[in-house]
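Structure assessment
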Amino acid sequence: MAARLVFLGRLEELAGSGDAALALAAPLNWQALVERLSAEFDPLLGEAICGDRVRVAINGALVAEKQALVLGDGDELAFLPPVSGG
Amino acid sequence: MAARLVFLGRLEELAGSGDAALALAAPLNWQALVERLSAEFDPLLGEAICGDRVRVAINGALVAEKQALVLGDGDELAFLPPVSGG
Amino acid sequence: MSDVRLLTDRFDPAEELAAFTAAHPQAGGIVSFLGQVREGGGVEALELRHYAPLTLPAMRELAEGVRGRWVLDGLLVVHRSGVMVPGEPIVFVAAAARHRRDAFAAADFAMDHLKSESWFWKREKAGGEWRWIEPRAQDFEDLSRWA
Amino acid sequence: MSDVRLLTDRFDPAEELAAFTAAHPQAGGIVSFLGQVREGGGVEALELRHYAPLTLPAMRELAEGVRGRWVLDGLLVVHRSGVMVPGEPIVFVAAAARHRRDAFAAADFAMDHLKSESWFWKREKAGGEWRWIEPRAQDFEDLSRWA
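Small disclaimer: the values here were computed from a predicted structure and weren't measured.

Some details on empty space enclosed by the protein
Applying the stated criterion to the full structure yields 1 cavity of 30 Å³ or more. A volume near 30 Å³ is recorded for the largest cavity. B:Val83, B:Ser84, B:Gly85, C:Lys115, C:Ser116, C:Pro135, C:Arg136, C:Asp139 and C:Phe140 are the residues that line the largest cavity. Elements supplying a minimum of two residues to the lining of the largest cavity: helix 3 (100-117) and helix 4 (137-144) of chain C.

Here we look at the interface of chain B and chain C
Quoted interface sizes are often the accessible area lost when the parts come together. Counting residues at the interface gives 20 residues for chain B, matched by 21 residues for chain C. Taking both sides of the interface into account, the surface hidden between chain B and chain C amounts to around 1,900 Å²; carbon and sulfur atoms contribute 57%. For the pair chain B and chain C, the interface holds 2 salt bridges. Here B:Glu12 ties to C:Arg49 by a salt bridge, and the two come within 2.2 Å at their closest N and O atoms. Run the count over chain B and chain C and you get 9 residue pairs in polar contact (both at pLDDT 80 or more). By residue number, the principal contributor to the side of chain B that touches chain C is strand 7 (residues 76-80) of chain B, which donates 3 residues. Residue composition of the side of chain B that touches chain C, by class: 9 nonpolar, 5 polar and 6 charged.

Description of the interface of chain D and chain C
At the interface, 33 residues of chain D touch 34 residues of chain C. Counting each side, the surface lost to burial between chain D and chain C is near 3,000 Å², with a carbon and sulfur contribution of 52%. Taken together, the connections running from chain D to chain C amount to 6 salt bridges. With its nearest N and O atoms 2.5 Å apart, the salt bridge here joins C:Asp112 to D:Arg100. Residue classes in the side of chain D that touches chain C are distributed as 15 nonpolar, 8 polar and 10 charged.

Side note on the pattern of salt bridges
Side-chain pairs of opposite charge can arise whenever the charged atoms involved come near each other. Summed over all chains, the structure comprises 32 salt bridges over all chains. A salt bridge links C:Asp112 to D:Arg101; its shortest N-O distance comes to 3.4 Å. Of the two residues, C:Asp112 sits in helix 3 while D:Arg101 sits in helix 3 (residues 100-117), which places them in two different chains. A salt bridge links D:Arg145 to D:Asp112; the shortest N-O distance between them is 2.7 Å. One end of the pair, D:Arg145, is in the segment after helix 4 (137-144); the other, D:Asp112, is in helix 3, with 33 residues separating them in the sequence. Three or more residues joined by partner-sharing salt bridges are found here, namely C:Arg100, C:Arg101, D:Asp108, D:Asp112 and D:Arg145.

Some remarks on the sheet that holds strand 7 (residues 76-80) of chain A
Residue and element names in this part refer to chain A. Strand order in the open sheet formed by 5 strands is 2-1-7-4-5, with mixed pairing between adjacent strands. Strands with a single pairing partner mark the edges of an open sheet, and in this sheet they are strand 2 (19-23) and strand 5 (61-62). Summarising the sheet, strand 4 (residues 55-58) and strand 7 pair through 4 bridges and their orientation is antiparallel. Residue Ile-58 lies in a different strand from strand 7, and its bridge partner there is Leu-77.

Some remarks on the environment of C:Ala126
Residues and elements named next belong to chain C. Here Ala-126 is to be found in strand 7 (residues 120-126). Assessed through its relative accessible area of 37%, Ala-126 is described here as partly exposed. Between the C-alpha atoms of Ala-126 and Arg-67, which are 59 residues apart in sequence, the distance is 38 Å. Apart from the residues within four sequence positions on either side, Ala-126 is in contact with Gly-42 and Glu-44.

Let's talk about the environment of C:Pro57
In this fold, C:Pro57 is placed in helix 2 (residues 52-69). Residue classification places C:Pro57 among the partly exposed residues on the basis of a relative accessible area of 41%.

Focus on the confidence of the model for chain C
Averaged over every residue, the pLDDT of chain C is 94; residues scoring 70 or more account for 100%. Both confidence scores are given for the complex: pTM 0.93, ipTM 0.91.

What about the relation of the copies chain D and chain C?
Between the two copies, chain D and chain C, the superposition gives an RMSD of 0.0 Å; the rotation angle is 180° and the shift along the axis is 0.0 Å. With respect to symmetry, the two chain copies, as superposed, fit the operation of a two-fold axis. In this assembly, 100% of the residues forming the interface of chain D have copies in chain C that are likewise at the interface, indicating an isologous arrangement.

Re the arrangement of the chains
For the 3 pairs of chains in contact, the maximum contact count is reached by chains C and D. Looking at chain A next to chain B, you find no contact at all, with the nearest C-alpha pair sitting 34 Å apart. The least C-alpha distance between chain A and chain C, which are not in contact, is 12 Å.

Comments concerning unusual backbone geometry
Positioned with a positive phi, A:Asn59 is a non-glycine residue whose angle comes to about 50°. The exposure class assigned to A:Asn59 is partly exposed, which follows from its relative accessible area of 47%.

Considering the sheet that holds strand 1 (residues 2-7) of chain B
Residue and element names in this part refer to chain B. Spatial ordering of the open sheet is given by 2-1-7-4-5, a layout of 5 strands whose pairing is mixed. Taken across any chain shown, the strands that pair with only one partner, and hence form the sheet edges, are strand 2 (19-23) and strand 5 (61-62). Direction of pairing for strand 1 relative to strand 2: antiparallel, over a ladder of 5 bridges. Within strand 2, the position partnered with Val-6 by the bridge is Asp-19.

The rules behind each value
In this numbering scheme, every chain counts its residues from 1 along its sequence in written order. Both sets of labels track the order of writing: A upward for chains, 1 upward for ligands. Residue-level local features of this predicted model are given only where pLDDT is at least 70; pairs of side-chain atoms are given and counted only at 80 or more, and the full residue set underlies all totals for whole chains, interfaces and linings. Hydrogen atoms and water are omitted, and side-chain values are computed over all heavy atoms in the structure. Cavity: a set of points on a 1 Å grid over the protein atoms alone where a 1.4 Å probe fits but cannot get out. Pocket: an open set with protein on both sides within 12 Å along at least five of seven lines, its lining residues, like those of a cavity, having an atom within 4 Å of a point. Grid points are joined across faces, edges and corners, and a volume is the space filled by probe spheres set on the points. By the criteria applied, helices consist of DSSP H or I runs no shorter than four residues and strands consist of E runs no shorter than two, each listed in order from the N terminus. Here, residues are in contact when the closest pair of their heavy atoms is within 4.5 Å. Throughout, buried area stands for the accessible area (probe radius 1.4 Å) lost by two parts on being put together, summed over both. Any Lys or Arg side-chain nitrogen found within 4 Å of a carboxyl oxygen on Asp or Glu counts as a salt bridge. Nitrogen and oxygen atoms within 3.5 Å of one another constitute a polar contact, given that in protein one can donate a hydrogen and the other can accept it, and given that sequence-neighbouring residues count only through two side-chain atoms. All amino acids are sorted into three groups, where Ala, Val, Leu, Ile, Met, Phe, Trp, Tyr, Cys and Pro are nonpolar, Asp, Glu, Lys and Arg are charged, and the leftover types, Gly among them, are polar. Two strands are counted as paired when DSSP detects at least two bridges linking them. Accessibility here uses a 1.4 Å probe with only protein chains present; expressed as a share of the type maximum, an area under 20% marks a residue as buried, one over 50% as exposed, and anything in between as partly exposed. Per residue, pLDDT captures the predictor's confidence, and it can take any value from 0 to 100. In this comparison the copies share one frame, found by least squares on the C-alpha atoms of residues holding pLDDT of at least 70 in both.

Here's what the structure looks like:
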C-alpha cells in the first residue's frame, strides 16, 4: 500500500523533491501523517503543512478541512502553499 | 487675393465640397464672411458655422473667439464641427 | 519617446505589437487596444477624415499627456484615416510598463481621449449611402471618468 | 466559448492576437495584456510550476466567470508554465467585445485574478541561485478592486 505526495512551491525544498511515495500500513489520519512527514522528511515540513495558508488537495480536489482527511492506498495528496502569481 | 476654406465633417455636405477658394477684395471680418458663405454656398452653411459647437482654425491654429477673426489673403480657414471619434 | 502615427494605408496590429514588444524588453506588461471596423453591423465602409494641421499634433500632445500621467516604458498610438472596410483596423494603442496597472490605465485613458477629443470626423456607408456620424454621449461619459 | 490554454513551450503573442482578431471580426474592440519576463532586473530565469489537476480547471472557471460578468465576443487566456528567460512571454489575455469598456474591464479583471488566485508557484534565478517568490500584497489589493 502506498500514497503519492506532491509538494508545491517552497514546500518542495523542505521535502527534498516535488513528489514522493509514502508507504502505508493502513489509512493515515492528518495527525499521523504530520508525524510521518516530520520523521521521514524534516520537522519543518510537518510544521509548514499545518500552517493555515497551506491548502491540501486529495486526488485533485481541494479539501475544506485538512485536519479531517484520511489518506488511503492509491491516493494523491498535494500540499499547496500560497500561490505567487503568474 | 484669395483665401482657402476647409469644411470638415457634415459641413462638407452643406458646402458642396471639402475645400474652396474664396476671392477677397479686402480682408473679411467674421460677419462679412458668414454673409459671403450664406450667399455663395448655402444659407444653412452660414447658420451652421455660427453654432457654438463649430470651432475654426486659421492657418492650422485654433481660434479662441471666431467672431473676432479677420480673414486675409493667403489664409487657410478650417471649419470644425464636433468630432465623432476614431 | 512615444511612437505616434497617422496612417492612410492598412496596417497590421499584430506586427505592431511584435515590434513594440521587441522594443521594450524591460517592460513586464504591455496592454493594447485594437479598434476595428465591425463586421455584421450592416456597415459597408467607414471613412475617417481629419484636418492635417491639427490631428497629428493633437495625437502627439495626448501621448505626452499620457506619459506624464503614468510611468511607462513606451507608448504606441497608430490611427488610420481614409476609407476602411469591415475587419480593417482603425486604431491600435499599446502601453508598456513595469506595472500592470499603469499599462492598463494608460491605454484606457489614451483610447477615451482619442475617441472623444481627436480631430477625426467619421462617416459610414450602409445600404450604399454615406452618412456622417454624430458624437456619442458614451464618449463623453468615458472621458468624465478621468476628471 | 473561451480559449484557455496552459502551455509548456514558448508562444508568440502577436500570432495569438492575429488569430484571435481574425476569429472575432464582429468585435469592435480587442484589449490584450501581455506579461513577459522582464529584462534588466537581474533575473536570469523564471520558473512557474503548477499542479495539473487544479491549474487548468481553475483557469477555465475564471474565464467562465469573466464571460458571465461582461458581454464579450471572445476571451483568450494563454499561460506558460516551466522555465522562461528574459523577453519570453508568460501570459497573454485578450478580450473581444462590441464595447470598448467591456473589453478593458474583462482583460483587467482576468489578469488580477490570474495573478492572485491561479495555482502557479513562481521562482526566480538571480546570481545563479533559484528562490521562491512570495505572494505580493499588491496582487491582493488589485483583487479587492472587484469586490
